Amino acid sequence: MSDALDNPASLWPAPAAAKPEPQRWVWAAMDPPERRARMRELAIWVDWLRRTFELHNNIPPCWYRHPPVVEHLTALYVGWLRTHAGEQPAGRELAEADWINTLHNLTPRLQLAACASGRHQDPPPLVAPPPGADEAFELYLLTADTTTAAAAHPAAAELARRTAGLQAPL
């Protein structure tokens, strides 16, 4: 017992080696090929979102050229996946309605005054090729800094601490 008195931390079990959680949707942390693949995945979902919720006037066709809009759409997509995939945890019976409320709260952030035409635009036809078929989109994916820059996670130091097990238990 004197060991425990000399070293109170020995009373608690040592934390298991922390594995960094997957950073699938941290754009800057993705390698360029993964970034392009994920952007195509997001583009298909954004096309669905624009048609389903009639957001063609709210989400500009050039959304992928604006990192803040990409981040908001990414958050909506990941939230949508979590809401609609598998069983809902207890207390989340209205998860779908909560997601729709979040969508409506974020919709103003998806609009870009610099890209607004000021005119009504009819929604795209329901049977349209995915945005990835657009040549400008493909050219952007292959040449833009946001899709070709080397991977660098913005919280690399924190991930390294967690991996090394240096994070103090809460």
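The present account deals with the structure reproduced in this document.

Reading guide: rules and limits
- Residues numbered from 1 in each chain as written.
- Predicted model: local features only at pLDDT ≥ 70, side-chain atom pairs only at ≥ 80, totals over all residues.
- Heavy atoms only, no water.
- Helix = DSSP H or I, 4+ residues; strand = E, 2+ residues; numbered from the N terminus.
- Buried < 20%, exposed > 50% of the residue type's maximum accessible area, 1.4 Å probe, protein only.
- Contact = heavy atoms within 4.5 Å.
- Polar contact = N/O pair within 3.5 Å; in protein donor to acceptor, adjacent residues only side chain to side chain.
- Phe/Tyr/Trp six-rings, centres within 6.5 Å; stacked < 30°, edge-to-face > 60°.

## Quick look at unusual backbone geometry
So, point 1. One non-glycine residue, Glu54, lies in the positive phi region at around 50°.
So, point 2. For Glu54, the position within the fold is in the loop between α2 (32-52) and α3 (67-84).

## Observations regarding the environment of Arg50
So, point 1. Here Arg50 shows up in helix α2.
So, point 2. Residue class for Arg50 comes out buried when judged on its relative accessible area of 10%.
So, point 3. Sequence spacing of Arg50 and Pro61 is 11 residues, and the spatial spacing of their C-alpha atoms is 9.7 Å.
So, point 4. Beyond its immediate stretch of four places on either side in the chain, Arg50 contacts Leu55, His56, Ile59, Pro60 and Pro61.
So, point 5. There is a polar contact of 3.0 Å between the side chain of Arg50 and the backbone oxygen of Ile59.

## Description of the packing of aromatic side chains
So, point 1. Throughout the structure, instances matching the rule amount to 12 aromatic pairs.
So, point 2. Here Trp45 and Trp80 contribute two aromatic rings whose centre-to-centre distance is 6.1 Å and whose plane-to-plane angle is 55°, an arrangement assigned as tilted. Taken together, the residues span a long stretch of sequence, with Trp45 in helix α2 and Trp80 in helix α3 at a distance of 35 residues.
So, point 3. Plain terms: the ring middles of Trp48 and Trp80 are 5.3 Å apart, the flat faces sit at 50° to each other, and that makes the pair tilted. Residue Trp48 is located in helix α2, and its partner Trp80 is located in helix α3; the two are separated by 32 residues in the primary sequence.
So, point 4. Here the aromatic cluster, defined as three or more aromatic residues joined through ring pairs, consists of Trp25, Trp27, Trp45, Trp48, Phe53, Tyr77, Trp80 and Trp99.

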